[in-house]
Amino acid sequence: MISIDTNKEKFALTTPLYYVNDLPHIGSAYTTIAADVIARFQRLQGKSVLLITGTDEHGQKIQRTAEALGRSPQAHCDEVSAGFSQLWQQLNVQCDRFIRTTDPRHAAIVKEFFQRVWERGDIYLGQQKGWYCVSCEEFKEERDLLEGHRCSIHQRETEWRDEQNYFFRLSNYQTKLEELYQQQPDFIQPEIRRNEVLSFVSQGLKDFSISRVNLDWGFPVPNDPGHTLYVWFDALLGYVTALLDPDNEPTLENALAHWWPINLHLIGKDILRFHAVYWPAMLMSAEVPLPRRLFGHGFLTKDGQKMGKSLGNTIDPVALVNRYGSDAVRYYFLKEIEFGRDGDFNETRFINILNADLANDLGNLLNRTLKMVYKYCDGKVPAVVGAEVAADHPLKAIGVTLGDRTSQSYQALAFSEACEAILALVRMGNKFIDEQAPWSLYKRGEQQAVEQVLYSVLESVRLAAYLLSPIIPNVSGAIYQQLGFAVDFNDRSLIDVSLPFVTHATWGILPGNQSLGDAKPVFQRLEAPEAVI
Ligand code: MSP
């Protein structure tokens, strides 16, 4: 259970709740890794953090998948949902809440919320005619379809529906939504997504149907059980149910008491409309305050091609993490792809980047420096006071502003920018040690100069490890331990006590005379596999 420290600033963030029609996809792993990196960064900053993820288990898509597999929907959901949970552990994602929309407490929250919207007069019965994509669980405009009434996202044929549905009066919220986007320009990020939403809304909002007939797998509409509630209406509310403490009675009041409003919904660009238009309108209708910010990231391709089962080129995140480990997978996706843009996975590039950045630049720098410290300085951090090192020292000059710069990048979710800035310090460390040649200084008996050089390099590696720790917590922990700190970046309960940002993100805090750990490679070089993932 998460204890809430009332003195601390709170930060709650969500990943989408993933459909359980299939095993976890690399796209879901991408969002979840990014969310964990943000959560870890916020914890370093001393905030009380709640990272919410989970699974979206109702609807036609899942019902049909279970039927095709000859299973009951619930048994199917139990199995696939457990696979998601396990993958997050393998990827070293520390989620605080894992909500399943089949959780009985969720039924109570959805019912109460529906009631509020109903009483507001925003729900009515009408006739729904249109093309439905079961894979998207969404009605499509005819103009957005490909030839043969196929969905442009899944390339699958949509289905014609002509049935009575309950509708949500989205059209009532046209002006209020437009005001929201104007008054809170950072509500939807990045800018390109915001513009997409503005353009969609400017075409005029139509009411959307929030119930289905001929579907059992979902919640019955409270006042008309012949209808089943639309999966998206139910799923978005999973973000609210997730906020309940385990022993809370499932009421909206309890759920919204501590962590609401959510600080950040992290999503992929394909589900922007649901989060940026439908969701705030639903919340306005129920008179619930709005989340603070949404960020829609880009799509991943493989070797430059769109991924898909039919193309036979999907990436299995489980195989990837089993082969290369969690830090490698986390680093590649966040360093290599500018968050917000589309990006590509290529295994050769994966191996090259990891070897260049983590094995060579960072790992070797630490390893060779530590060996020199053992040789020339008795295995202890040289007795140099960081604060007394000249301000124009080439490493200190970069190091003193790096914490602030990296912090800004993390806050803007510019992860690759953060990595580049940190790696620039590491590369400068390598250059500096080569130029200064402490082995020659030692031979010439210039012990003080040797100590200055080695201290400044060790301190730069420490700072780099600290600032990269949200992304590569295991490698960062190994570096810290070799530098003589008894800490673990995976221990959530101790982070703000033992590793606060205000202290550790500054250059010059490595204590002189601290005993060092054994020098071991912190990141094993990756080898190209025989079979490609
Ligand atoms: N169940 C809904 C979300 C409900 S949230 C209340 C859903 N689930 S999903 O499993 O289909 O998709 C989850 C996320 O995976 C989305 O953010 C989507 O953008 C992301 N990705 C799916 N394929 C992707 C790529 N190829 N690349 C990157 N992310 C992609 O939608």
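Residues numbered from 1 in each chain as written. Predicted model: local features only at pLDDT ≥ 70, side-chain atom pairs only at ≥ 80, totals over all residues. Heavy atoms only, no water.

S.K.: Explanation requested: the domain arrangement of the protein in the structure shown.
M.R.: Domain assignment breaks the protein into domain 1 (10-297) and domain 2 (347-504). Of note, the centres of domain 1 and domain 2, computed from C-alpha atoms alone, are 42 Å apart. In this complex, domain 1 contributes 17 residues to the contact, which on the side of domain 2 involves 20 residues. A combined buried area of about 1600 Å² lies between domain 1 and domain 2, and 63% of that area is made up of carbon and sulfur atoms. For domain 1, the biggest contributors to the area lost against domain 2 are Val37, Phe41 and Leu44; these three give 40% of the whole. Inspection of the region where domain 1 meets domain 2 yields one salt bridge. Measuring nitrogen to oxygen at the nearest pair gives 2.8 Å for the salt bridge that ties Asp96 to Arg492. Remark: the boundary between domain 1 and domain 2 carries eight residue pairs in polar contact (both at pLDDT 80 or more). Of all the elements in the fold, those that place two or more residues in the side of domain 1 that touches domain 2 are helix H1 (26-44) and strand E12 (264-268). In terms of residue count, the dominant contributor to the side of domain 1 that touches domain 2 is H1 (seven residues). Partitioned by chemical class, the residues of the side of domain 1 that touches domain 2 number nine nonpolar, four polar and four charged. (Domains from an automatic or database assignment. Contact = heavy atoms within 4.5 Å. Buried area = accessible area lost by both parts, 1.4 Å probe. Salt bridge = Lys/Arg side-chain N within 4 Å of Asp/Glu carboxyl O. Polar contact = N/O pair within 3.5 Å; in protein donor to acceptor, adjacent residues only side chain to side chain. Helix = DSSP H or I, 4+ residues; strand = E, 2+ residues; numbered from the N terminus. Nonpolar A, V, L, I, M, F, W, Y, C, P; charged D, E, K, R; others polar.)

S.K.: Just checking my understanding: could you explain the packing of aromatic side chains for this structure?
M.R.: Any two aromatic rings considered together are summarised by their centre-to-centre distance and by the angle between their planes. Tallied over the entire structure, the rule returns 37 aromatic pairs. Between Phe113 and Phe233, the ring centres sit 6.0 Å apart and the planes meet at 65°, which makes this aromatic pair edge-to-face. On the criterion of sequence distance, the pair formed by Phe113 in helix H4 (residues 104-119) and Phe233 in helix H7 (residues 231-236) is long-range, its members being 120 residues apart. We note that Phe113, like Phe233, is buried. (Phe/Tyr/Trp six-rings, centres within 6.5 Å; stacked < 30°, edge-to-face > 60°. Buried < 20%, exposed > 50% of the residue type's maximum accessible area, 1.4 Å probe, protein only.)

S.K.: Looking at this structure, I do not really get the pattern of salt bridges. What am I missing?
M.R.: Pairing between side chains becomes possible if they bear opposite charge and their charged atoms approach one another. The tally for this structure, following the rule as stated, stands at 31 salt bridges. The shortest N-O distance in the salt bridge between Glu57 and Arg100 comes to 2.7 Å. Separated by 43 residues along the polypeptide, Glu57 in the loop between strand E2 (48-56) and helix H2 (60-68) and Arg100 in strand E3 (residues 97-100) bring together distant segments of the chain. With a closest N to O distance of 3.4 Å, Glu435 and Lys431 form a salt bridge. Linking Glu435 with Lys431, this pair stays in helix H15 (residues 415-436), spanning four residues, or about one helical turn. Residue Glu435 is classed as exposed on the basis of its relative accessible area of 53%.

S.K.: What exactly am I supposed to notice about the UniProt feature "binding site: Zn(2+)" (unreviewed entry) in the protein here?
M.R.: Under the feature "binding site: Zn(2+)" (unreviewed entry), the UniProt entry names Cys133, Cys136, Cys151 and His154. Across 22 residues of sequence, these annotated residues stay compact in space, with a maximum C-alpha separation of 8.6 Å. As for its placement among the helices and strands, Cys136 is situated in the loop between strand E4 (123-133) and strand E5 (138-140). Once residues within four sequence positions are removed from consideration, Cys136 is found in contact with Tyr19, Cys151, Ile153, His154 and Trp232. With respect to the helices and strands, Cys151 occurs in the loop between E5 and strand E6 (159-168). (UniProt positions renumbered as here; feature names shortened; annotations may be inferred.)

S.K.: Whenever I open this one, the site of the ligand confuses me. Can you help?
M.R.: In the vicinity of the ligand, 20 residues are found, and the nearest of them are Leu17, Asp56, Gly268, Asp270 and Leu300. Within the backbone of Gly268, an N or O atom sits 2.8 Å from an oxygen atom of the ligand. Starting from 670 Å² of accessible surface for the ligand in isolation, the protein chains cover 90%. When contributions to the shell around the ligand are tallied by element, the ones reaching two or more residues are strand E1 (10-19), H7 and E12. Sorting elements by how many residues they give to the shell around the ligand places E1 first, with four residues. Along the lines of polarity and charge, the residues of the shell around the ligand split into twelve nonpolar, six polar and two charged. (Near = heavy atom within 4 Å. Areas by Shrake-Rupley, 256 points an atom, 1.4 Å probe, with all protein chains shown as cover.)

S.K.: Is there a simple way to think about the pairing of strand E13 (residues 294-297) in this case?
M.R.: The side chains of a regular strand alternate between both faces of the sheet. Of the two faces of E13, the one holding Leu294 and Gly296 and the one holding Phe295 and His297 are both buried throughout. Relative to E13, strand E7 (residues 188-189) runs parallel, the two being bridged by two bridges. Bridging across to E13, Ile188 finds its partner in Leu294. Examined bridge by bridge, E12 and E13 share four bridges and lie parallel to one another. Note on E13: the bridge partner recorded for His265 is Leu294. With helix H10 (residues 272-285) bridging E12 and its parallel neighbour E13, the resulting β-α-β unit is right-handed. (Pairing = 2+ DSSP bridges. Right-handed = clockwise from strand over helix to strand, strands pointing away.)

S.K.: Any chance you could explain the side chain of Asn263 here in plain terms?
M.R.: Tracing the sequence through the fold places Asn263 in the loop between helix H9 (252-256) and E12. The class for Asn263 is buried, based on a relative accessible area of 16%. Ignoring any residue separated from it by four or fewer positions in sequence, one finds Asn263 in contact with Lys10, Phe11, Ala12, Arg292 and Arg293.

S.K.: Help me understand the packing of helix H6 (residues 191-202) against H10, please; the structure alone is not making it clear to me.
M.R.: Any two packed helices are characterised by the angle at which their axes cross and by the distance between the axes. Two numbers describe how H6 lies on H10: the axes approach to 11 Å, and their chain directions differ by 55°. The pairing of H6 with H10 is recorded here as oblique in orientation. Every pair of crossing elements has a handedness; the one defined by H6 and H10 is right-handed. Contacts from Arg193, Glu196, Val197, Phe200 and Val201 of H6 reach H10 at Leu272, Arg273, Ala276 and Val277. Among the residues making up the contact of H6 with H10, the classes are represented as six nonpolar, no polar and three charged. (Axes fitted to C-alpha atoms, helices over the stretch in contact; angles between N-to-C directions. Parallel < 35°, antiparallel > 145°, perpendicular 65-115°, else oblique. Left-handed = near helix turned anticlockwise from the far one by under 90°.)

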